[in-house]
Amino acid sequence: MPDRLTNLSRRALLGATAALAACDRFAVAQPNDGHAAAPLKDIVPAPFGATGMTWQLDQADWIAEVRKHCSQLTPEWEQKMERTLGPGFTYDFEPSDRVVGFARDNGLRVHGHTVIWYSQGGEVFDDATVPRARFRSEYERYIRAFVGRYRGQMAGWDVVNEPVAEDGNGLRECHWSRALGMDEYMVSAFQLAKEADPDAVLFLNEYNLENIPAKGATFLRLVERLLKLGAPIGGIGTQSHLDIEIPAGQITTFMRDAASLGLPIHVSELDFPMQREGRMPDMRSMAQRREQQVARVGELAEAFAALPERQRYAFTTWGLRDIDSWLVREGRSKDSPLLLDNQGRANPAYRAVVDAFTGRAGS
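Residues numbered from 1 in each chain as written. Predicted model: local features only at pLDDT ≥ 70, side-chain atom pairs only at ≥ 80, totals over all residues. Heavy atoms only, no water.

- Looking at an unreviewed UniProt entry, one finds the protein chain named Beta-xylanase and attributed to Brevundimonas kwangchunensis.
- Regarding the protein chain, the relevant UniProt record gives this comment under Catalytic activity (unreviewed entry): "Endohydrolysis of (1->4)-beta-D-xylosidic linkages in xylans."
- In its Sequence similarities (unreviewed entry) section, the UniProt record describing the protein chain reads: "Belongs to the glycosyl hydrolase 10 (cellulase F) family." (UniProt positions renumbered as here; feature names shortened; annotations may be inferred.)

Set out below in structure tokens:
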């Protein structure tokens with residue numbers, strides 16, 4: 001890691017005792033009292049966003065909550081390559097158009113998600129069978145067609161999604177890197193996206209940056225290297241699927257290190273499940289889980305609020321109410337991973353966010 005990042009980490013660690021006490025003061029937030037939540041877009045010191053899918057565009061309750069709370073919308077699935085790319089390099093952007101059109105009609109800015117992702121596109125972009133020359137030409141054609149379709153309509157794009165290895169030890173090998181080269185596929189994607197939509201902020205987006213310090217460090221080194229190679233990266237996207245059991249202060253340290261690069265930062269996919277997955281049986285009480293959850297979400301919000309204004313791109317939750325969460329849809333029906341409950345009322349973490357953004361934390 002470059003010296004400026006290492007030095008920031010050292011300074012953060014020197015103040016660890018104070019940071020730990022400060023971060024966990026959010027844990028005193030009270031349970032849901034049944035009252036409606038004030039609009040988040042009026043509280044967050046940046047655009048507040050959530051995700052939207054085409055099936056939700058017909059739900060009156062969801063529409064009402066989005067209009068109340070949001071100033072930004074991210075298509076949750078409709079812009080992923082599994083939906084936009086068909087056999088023979090054919091395209092279908094109709095569902096994407098619907099979400100973007102809904103946002104436009106309701107005065108919401110749109111954040112595009114996602115152009116190039118290691119986990120998708122391999123069925124069509126098969127690096128074992130598609131000749132290299134065609135692979136490259138179709139790669140360029142797709143990015144120009146997709147990003148260019150919304151030229152001037154998007155606040156930003158997640159241009160490359162999740163390029164870092166799971167444990168932070170290097171980068172992910174995938175069909176893009178095998179066919180085009182590890183750095184080249186990313187540099188090209190950013191350059192092509194910039195040509196196609198020159199006014200949008202272009203993001204490198206990744207998860208577990210706060211949860212796994214080694215991954216956060218590898219990610220920030222990657223950003224610096226790609227910038228030196230000519231990639232017009234305009235922002236850092238930290239998904240913030242928070243592990244509520246990480247040590248206090250760890251989120252703050254990452255945000256300080258990320259801020260040292262001087263780029264806008266997007267908390268791009270925030271959620272914070274209370275249920276463990278793939279671990280020993282969870283013997284904690286619900287109160288203990290809530291305490292950890294509230295503390296980590298409050299720490300994230302306070303760290304985001306501490307950024308210079310120009311670096312606060314947006315604060316986005318992955319879903320708006322608990323019932324909208326991909327975690328709940330996939331079977332965690334008793335979890336509560338978002339700021340609002342199923343009826344749009346404030347969850348305990350909501351109060352921690354409000355306190356962080358209004359300066360009332362610990363009062």
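Still more ground to cover, so stick around.
Section: the side chain of Asp271
For step 1, the next point in the chain: Along the chain, Asp271 turns up in the loop between β9 (265-270) and α11 (286-305).
For step 2, the next point in the chain: The buried charged residue Asp271 lacks any salt bridge partner; its closest oppositely charged side chain belongs to Arg332, at an N-O distance of 8.0 Å.
For step 3, the next point in the chain: Side-chain polar atoms of Asp271 contact the side chain of Trp326, separated by 2.9 Å. (Helix = DSSP H or I, 4+ residues; strand = E, 2+ residues; numbered from the N terminus. Buried < 20%, exposed > 50% of the residue type's maximum accessible area, 1.4 Å probe, protein only. Lys, Arg positive; Asp, Glu negative; His and termini not counted. Salt bridge = Lys/Arg side-chain N within 4 Å of Asp/Glu carboxyl O. Polar contact = N/O pair within 3.5 Å; in protein donor to acceptor, adjacent residues only side chain to side chain.)

Some points on the confidence of the model for the protein chain
For step 1, the next point in the chain: In this model, the protein chain carries a mean pLDDT of 91, and residues with pLDDT of at least 70 account for 89%.
For step 2, the next point in the chain: Contacts from residues 1-23, a stretch scored under 50 in pLDDT, to residues over four places away or in other chains number 28 contacts.
For step 3, the next point in the chain: Within the model, the stretch residues 28-33 combines pLDDT values under 50 with 10 contacts to residues more than four positions away or in other chains. (pLDDT = per-residue confidence, 0-100. Contact = heavy atoms within 4.5 Å.)

Observations concerning the pairing of strand β7 (residues 201-206)
For step 1, the next point in the chain: Among the 6 residues of β7, 5 are classified as buried, and the element is accordingly described as predominantly covered.
For step 2, the next point in the chain: By the bridge criterion, 5 bridges tie strand β6 (residues 154-161) to β7 in an arrangement that is parallel. Bridge pairing in β7 links Asn161 to Asn205.
For step 3, the next point in the chain: Once you follow β7 into helix α9 (residues 213-228) and on to strand β8 (residues 235-238), the crossover reads as right-handed. (Pairing = 2+ DSSP bridges. Right-handed = clockwise from strand over helix to strand, strands pointing away.)

Structural notes on the packing of aromatic side chains
For step 1, the next point in the chain: Counting across every chain of the model gives 18 aromatic pairs.
For step 2, the next point in the chain: Taking the centre distance of 5.6 Å and the plane angle of 35° together, the rings of Trp62 and Phe102 count as tilted. With Trp62 in helix α3 (residues 60-69) and Phe102 in helix α5 (residues 94-105), this residue pair connects regions lying 40 residues apart in the sequence. Like Trp62, the residue Phe102 is buried in the burial classification.
For step 3, the next point in the chain: Relative to Phe357, the ring of Phe315 lies with its centre 5.3 Å away and its plane at 85°, an arrangement referred to as edge-to-face. In this pair, Phe315 is assigned in strand β10 (residues 312-317) and Phe357 in helix α13 (residues 348-358), connecting sequence segments 42 residues apart. Like Phe315, the residue Phe357 is buried in the burial classification.
For step 4, the next point in the chain: The aromatic ring of Tyr313 is capped on one face by Arg109, whose charged end is 4.5 Å from the ring centroid.
For step 5, the next point in the chain: When the ring centre of Tyr207 is taken as origin, the NZ or CZ atom of Lys215, which lies over that ring, is 3.6 Å away. (Phe/Tyr/Trp six-rings, centres within 6.5 Å; stacked < 30°, edge-to-face > 60°. Lys NZ or Arg CZ within 6 Å of the ring centre and 35° of its normal.)

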